[in-house]
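These are the residues of each chain, in order.
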Amino acid sequence: MPVIANSSARKSCSFDTLRRRLGQRQEPWRGLDELADSDAFREYLASEFPAAAASMDGISDRRTVLKLLGASLALAGLSGCDEAESIVPYVNQPENVIPGKPRYYATTLASGGYGIGALIETHEGRPTKVEGNPDHPASRGATDAVMQAAVLAAFDPDRSQWPTRDGRPISFQALQRALAGLSYEIAETRGRGFAILLEPTTSPTLKRQLQALRLRLPEARVFLHDPLGGVSTDTATRHVFGRDLAPIYRFDRADVVLSLDADFLNETPGRLAYARDFAARRRVRHPADDMSRVYVIESTPTITGATADHRIAVKPSAVDSMAAYLEARGRDPVADTEPPGDPAWFAALASDLEEAGRNALVVPGANATTATCEAAMRMNVRLGSVGHTVAFIDPPHRLAADGDLADFCSGIRAGRIDAALVLQSNPVHTAPAELDVAGALDRVPRLFHLGLYQDETALHAKWHIPATHEIESWGDLRAFDGTASIIQPLIRPLYNGIGVHEVIAAISGEASPDVRTIVRESWAERMDETAWRKSLKRGVVADSAFPAIDMPPPRRRDEPVQQTRQTGLELRFVPDPFLWDGRHANSAMLQELPRPITKLVWGNAALLSPATAEELGVGNEQVVRISHAGRTLEAPVWIVPGHPDETVTLSLGHGRQQAGTVAAMASGYDAFLLKPLNASSIVAGATVEPTGGRIRVLTTQHHQAMEGRHIVRHTSLEKFRANPGFVNDGVPPAPTRSLYPRWRYPGESWGMSIDQSTCIGCMSCVAACQTENNIATVGPDECARGHELHWLRVDRYYHGSLDTPDTFFQPVPCMHCEKAPCETVCPVNATVHTHDGLNAQVYNRCIGTRYCSQNCPYKVRRFNFLQYVDFDKETAGPQQAARNPDVSIRSRGVMEKCTYCVQRISKARIDAQLEDRAIDDGAVITACQQACPTEAIVFGNINDADSRVVEEKGAAHSYALLAELNTRPRTTYLGRIGNPNPELARQRKAAKGDSNG
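The rules behind these values
Residues numbered from 1 in each chain as written. Predicted model: local features only at pLDDT ≥ 70, side-chain atom pairs only at ≥ 80, totals over all residues. Heavy atoms only, no water. Helix = DSSP H or I, 4+ residues; strand = E, 2+ residues; numbered from the N terminus. Buried < 20%, exposed > 50% of the residue type's maximum accessible area, 1.4 Å probe, protein only. Contact = heavy atoms within 4.5 Å. Areas by Shrake-Rupley, 256 points an atom, 1.4 Å probe, with all protein chains shown as cover. Pairing = 2+ DSSP bridges. Axes fitted to C-alpha atoms, helices over the stretch in contact; angles between N-to-C directions. Phe/Tyr/Trp six-rings, centres within 6.5 Å; stacked < 30°, edge-to-face > 60°. Lys NZ or Arg CZ within 6 Å of the ring centre and 35° of its normal. Parallel < 35°, antiparallel > 145°, perpendicular 65-115°, else oblique. Nonpolar A, V, L, I, M, F, W, Y, C, P; charged D, E, K, R; others polar. 1 Å grid on protein atoms, 1.4 Å probe; cavity = no way out; pocket = protein on both sides within 12 Å on 5 of 7 lines; lining within 4 Å. Points joined across faces, edges and corners; volume = space filled by probe spheres on them. Left-handed = near helix turned anticlockwise from the far one by under 90°. Salt bridge = Lys/Arg side-chain N within 4 Å of Asp/Glu carboxyl O. Polar contact = N/O pair within 3.5 Å; in protein donor to acceptor, adjacent residues only side chain to side chain.

### Thoughts on the overall build of the protein chain
Inference 1: When helices and strands are tallied, the protein chain shows 32 helices and 38 strands.
Inference 2: Taking all 997 residues of the protein chain together, the buried fraction comes to 59%.
Inference 3: Taking the contacts inside the protein chain whose residues are at least 6 apart along the sequence as the reference set, 75% of them involve residues at least 24 apart.
Inference 4: Of the roughly 38,200 Å² that the protein chain leaves accessible, carbon and sulfur atoms contribute 50%.

Okay, here's the thing in structure tokens:
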């Protein structure tokens, strides 16, 4: 019988025992180790800092490692220009620059070739923070974790800094001569033997350049490599409507949503906008409010599945059968076809879809098969959703190409390509192993590679060209809806890098290309200089979104329903939510950011369901060997409740061999070794066997635990209407008296409310808090000890059975308690109450007793055990330039915690005092609040009766976490409300009662 335990556990527990315990448990639970209740887990919770740093020897070695991490680890960076004078105090102050006052510039960041609008905060020319552009349709003012890490990526000292030839540095002049020579040679042959390999892009300028290049070099070839691409929806729309189209979803109009293996809150280029619209239909404040109902069929746990009212976890191959059944059932309700699952579940889903009609929405996954995409589109057509909850536009990413990566390699092996240019792509790492891209590239005598790093592909190139980062270069991109925006540089290239537009121009024969002029020419006919400057300032090209297309009637299809039944284990490949295909692997911030569902950091694991793990006889951290088509990889196991049986989820983006200092510290396997050549994200017929080995898997899911108390409170919409105050059911009443002093607030009194119905657990808030407040990353070894320094965490809880639990997320910042237990135990008065109700930490008083942390029931305080920042100006150099100057840098031996972004409060107070007015509601926006794509966080002055935060706190389902302890926290929550189908909910409750009986 397998065990559920960490490697250090001394007491194990069988799955049958866990299921029996769950049958008697009413409260949410955090993970399998908690249910097993091992001796090691009990010891783990005995202290706030598990396995507290008992030994401090070797600090100098650790500091050496931390110095190597540079910008990513210490949130530091290089200067904003080539010379040091840009970071010293001004002698002659430039016009319009006020020292100490930040400025914001609109630009665009790339995500999968699409653009997401951003505002970059700069201090005296130094970019320090990324915010979402509220005028851009793809961000609407929100950001994700990868966007928050963009500034640190630009300042990464591991970036490629010099061009190389045969691995040896050369001058930029030598590189220019090499490019000029290549341009001359391929011009003589009209491009014969020359090829360009790049990833899909929506850049109008790059498309224009490639079109011009084809006219000059008609025999040149262009190939596209999409590292994460599955079967595109283009193919499905071609089958259904006869042309390639891209869907645009309107979740704010949908009453019923069906996801067919679609993680639309995380994986699509429109994810931030979709999350905003989705939350708008899930937000409930009063019993009379309505909300959408969400059904999810998925083959691996996702944050979209966690929001579902009804979720089915199935093998990847079963999604096709379910989609085909639902589509055929709609065409012929009396069809004699057995549903590929619970008949009651499918009957309720079909009934809800039919009743919603044009207000229904069926969404296929980004990596779904063509059959699933086609079924989804036909259902939307039949329901009348097209033109209402879903529209279609021309694909923004359309780019004329001569083939994919496989065709590129075939051309090399056939001798048709002897000169090639690989543009900002790393196919040696991101291509399936069976393609042997490295062997193919070694055959190209004139191979140029443009990239941010000396990565795996650069090692096989004759010439490597250091690329500019997005915040250093000019360019343009289109958003998921076609809206165009300009990429403008915030700083000059740190390492004299070269942009993709400049390289294409050089190949086209331009001697000294000016990249700004190149981009400007793309918009010369559309915009005069006034409109151009307005587009730069606003971050959006006005009226550039693609119009919705008047849809033709779908082609008729009369084929019978195909329900294939695959047997055996299947592999499901998913991109890492933060590293994606591995391009962000050298970001310590993203490596250390807990994954939303698993809470894994600094590596990946093979995810299994409890039943599959039980069948294989393996537990957490035990190594399995996964084999398919003659290739194998070994990976540690991590058991995930709610994972589909007979399925192994493998995450891409890890196991990099040539990525930088930070990536070398991470563990993990390279899932691209088993990814199939056909670009599918699914593999059938794999074998999995235990090896007997064990590999450490790092997770933060049990750090700062508060188990055994009333944490997450949830109910259904039906029950909420009958009992709006459900959050108080079964909870001890909060005391009304206290020995703590009574504080008075004649001015502002700050507070926060977090809506658990709209929180999707995406971790954007945690990433934003880290970049705003100069929070250091600590590395994998310190994470293993529970020493991560995040001021804000997002707890993930399960409720229900081991195999089909509900999943909840709960962000937990400092509560800023009115009766704060941390304040009374500090012997040096380092934790104090401020005049506006904040629980402040005075760093230069703190002597590191950690009494405050031990006395905090919320476990939101972080102790800075080691010195993660070098304060020696001679050795630290210009790396410190990327820090937020409005937030102090903490040294070793002090307690850190959420401050409600007190620096932003101070700025708003100063502005209000200068104008002799009160602070307006909404004038203070915390970093976590600003980043949140669903607007789940509300902050404001609770002394202002008309403020939004007071309205939120006055809702019937508002509650304080652990209110029974009489801490009176200023951060409160709105209980989670779902909208399950009442009949299905009653059946589920009855089934649960039978199983318990």
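Don't stop here, the text continues.
### Remarks on the sheet that holds strand 9 (residues 256-260)
Inference 1: Spatial ordering of the open sheet is given by 11-10-9-12, a layout of four strands whose pairing is parallel. Because the sheet does not close on itself, it has two edges, and the strands there are strand 11 (310-313) and strand 12 (360-364). Each neighbouring strand pair of the sheet contributes to a mean axis angle of 10°, computed without reference to strand direction.
Inference 2: Taken strand by strand, helix 13 (residues 343-356) contacts strand 9, strand 10 (293-298), strand 11 and strand 12, and its axis lies near 130° from that of strand 10.

### Describing the packing of aromatic side chains
Any aromatic ring pair is given by two values, namely how distant the centres are and how the planes are angled relative to each other.
Inference 1: Considering all chains together, one arrives at 20 aromatic pairs under this definition.
Inference 2: Pairing W750 with F939 gives two aromatic rings, centres 5.5 Å apart and planes at 10°, and the pair type is stacked. Linking W750 in strand 28 (residues 750-755) with F939 in strand 35 (residues 937-941), this pair joins segments that are 189 residues apart in sequence. Taken individually, W750 and F939 each receive the classification buried, so the pair is uniform in this respect.
Inference 3: Between Y900 and F939, the aromatic rings sit 5.0 Å apart at their centres with planes inclined by 70°, giving edge-to-face as the arrangement. A residue pair is termed long-range when its members are at least 10 positions apart, and Y900 in the loop between strand 34 (895-896) and helix 29 (902-914) and F939 in strand 35 qualify at 39 residues.
Inference 4: A relative accessible area of 1% means that Y900 is categorised as buried.
Inference 5: Take F939: its relative accessible area is 2%, and that puts it in the buried class.
Inference 6: Directly above the ring of F863 sits R850, whose terminal nitrogen or CZ lies 5.4 Å from the centroid.
Inference 7: The ring of Y745 carries the charged tip of R970 above its face, separated from the ring centre by 4.8 Å.

### Concerning the environment of M291
Inference 1: Within the element layout of this structure, M291 appears in the loop between helix 10 (271-280) and strand 10.
Inference 2: Classification of M291 by relative accessible area gives buried; the value is 2%.
Inference 3: Separated by ten residues in the primary sequence, M291 and R281 have C-alpha atoms spaced 5.2 Å apart.
Inference 4: Sequence-distant contacts of M291, that is, excluding residues within four places in its chain, are made with R281, R282, V284, L717, I977, G978 and N979.

### Section: the packing of helix 8 (residues 204-216) against helix 19 (residues 515-522)
Inference 1: Following both chains from N to C, one finds helix 8 and helix 19 inclined at 90°, their axes separated by 9 Å at the closest point. As the angle between them shows, helix 8 and helix 19 are arranged roughly perpendicular. Contacts between helix 8 and helix 19 involve T205, R208 and Q209 on the former and, on the latter, I518, V519, E521 and S522.
Inference 2: Class assignment of the residues belonging to the contact of helix 8 with helix 19 gives a composition of two nonpolar, three polar and two charged.

### Some thoughts on unusual backbone geometry
Inference 1: In this structure, D436 takes a positive phi of about 50° despite not being glycine.
Inference 2: For D436, the location among the structural elements is in the loop between helix 16 (427-430) and helix 17 (437-441).
Inference 3: Accessibility expressed as a relative area gives 42% for D436, which makes it partly exposed.
Inference 4: Of note, C901 is a non-glycine position whose phi angle comes to about 50°, a positive value.
Inference 5: Mapped onto the secondary structure, C901 falls in the loop between strand 34 and helix 29.
Inference 6: According to the relative accessible area criterion, C901 is buried, its value standing at 7%.

### Description of empty space enclosed by the protein
Inference 1: Counted under the stated rule, the structure contains 17 cavities of 30 Å³ or more.
Inference 2: The calculated volume of the largest cavity comes to roughly 500 Å³.
Inference 3: Elements represented by at least two residues in the lining of the largest cavity include exactly strand 19 (569-575) and strand 24 (647-652).
Inference 4: Considering each element in turn, the lining of the largest cavity owes the most residues, four residues, to strand 19.
Inference 5: Classifying every residue of the lining of the largest cavity by side-chain character gives 13 nonpolar, ten polar and six charged.

### Section: helix 10
Inference 1: Burial analysis of helix 10 places nine of its ten residues in the buried class, the great majority of the element.
Inference 2: Where helix 10 is concerned, the buried positions are R271, L272, A273, Y274, A275, R276, D277, F278 and A279.

### Here we look at the sheet that holds strand 2 (residues 114-123)
Inference 1: Pairing in this open sheet of three strands is antiparallel, and the strands run 1-2-3 from one edge to the other. At either margin of the open sheet sits one strand with a lone partner, and together these are strand 1 (103-111) and strand 3 (126-132). Strand-to-strand twist in this sheet, taken as the mean axis angle between neighbours without regard to direction, amounts to 40°.
Inference 2: In this structure, strand 2 lies alongside strand 3, joined through six bridges in antiparallel fashion. Across the sheet, residue L119 finds its bridge partner in strand 3, namely E131.

### Some details on helix 18 (residues 500-507)
Inference 1: Burial runs high along helix 18: seven of the eight residues are buried.
Inference 2: Downstream of helix 18 by a residue or two, G509 has a phi angle that is positive, lying close to 100°.

### Some thoughts on the pairing of strand 17 (residues 475-478)
Inference 1: The alternating pattern of strand 17 places G475 and L477 and D476 and R478 on opposite faces, both of which are buried.
Inference 2: As paired elements, strand 17 and strand 18 (residues 484-487) share four bridges and run antiparallel to each other. If you follow L477 over to strand 18, its bridge partner there is S485.
Inference 3: Linking strand 17 back to strand 18 in an antiparallel pair, the connection comprises five residues, with G482 at a positive phi of about 95°.

### Description of the environment of M752
Inference 1: Along the chain, the position of M752 falls in strand 28.
Inference 2: The spacing of M752 and Q929 is 177 residues in sequence and 9.6 Å in space, taken between C-alpha atoms.

### A look at the packing of helix 8 against helix 18
Inference 1: At a closest axis distance of 10 Å, the pairing of helix 8 and helix 18 adopts a crossing angle of 10°. Looking at the two axes, helix 8 sits roughly parallel to helix 18. Considering the relative orientation of helix 8 and helix 18, their crossing is left-handed. Where helix 8 approaches helix 18, its residues T205, L206, Q209, L210, L213 and R216 are matched on the opposing element by V500, H501, I504, A505 and I507.
Inference 2: For the contact of helix 8 with helix 18, the class distribution of residues is seven nonpolar, three polar and one charged.

### A few points about the pairing of strand 14 (residues 419-423)
Inference 1: Buried residues dominate strand 14, accounting for five of its five residues.
Inference 2: Because side chains alternate across strand 14, one face comprises the buried residues A419, L421 and L423, and the other comprises A420 and V422, equally buried.
Inference 3: By the bridge criterion, five bridges tie strand 6 (residues 194-198) to strand 14 in an arrangement that is parallel. Bridging from a neighbouring strand, F194 pairs with A419 of strand 14.
Inference 4: Here five bridges tie strand 14 to strand 15 (residues 446-451), and the two strands are oriented parallel to one another. Paired with A420 across the bridge in strand 15 is L447.

### Topic: the environment of T457
Inference 1: Looking at the secondary structure, you find T457 in the loop between strand 15 and strand 16 (463-466).
Inference 2: Those residues in contact with T457 that lie beyond four places of it in its chain are V422, S425, N426, P427, V428, L441 and H449.

### A closer look at the pattern of salt bridges
Inference 1: The tally for this structure, following the rule as stated, stands at 48 salt bridges.
Inference 2: Between R159 and E472 there is a salt bridge, and its shortest N-O distance comes to 3.0 Å. A residue pair is termed long-range when its members are at least 10 positions apart, and R159 in the loop between helix 6 (150-154) and strand 4 (164-165) and E472 in the loop between strand 16 and strand 17 qualify at 313 residues.
Inference 3: Relative accessible area serves as the criterion here: at 3%, R159 is assigned to the buried category.
Inference 4: Among the salt bridges present, the one from R917 reaches E915, with a minimum N-O distance of 2.7 Å.
Inference 5: On the basis of relative accessibility, which here comes to 34%, the residue R917 falls in the partly exposed class.
Inference 6: Through salt bridges with shared partners, a single network forms among K129, E131, E772 and R904.

### Focus on the side chain of R281
Inference 1: One can find R281 in the loop between helix 10 and strand 10.
Inference 2: Note on R281: relative accessible area 15%, which makes it buried.
Inference 3: Here A254 takes part through its backbone oxygen, which lies 3.4 Å from a polar atom of the side chain of R281.
Inference 4: Apart from residues lying up to four places away in sequence, R281 is in contact with F251, D252, A254, D255, D290, M291 and S292.

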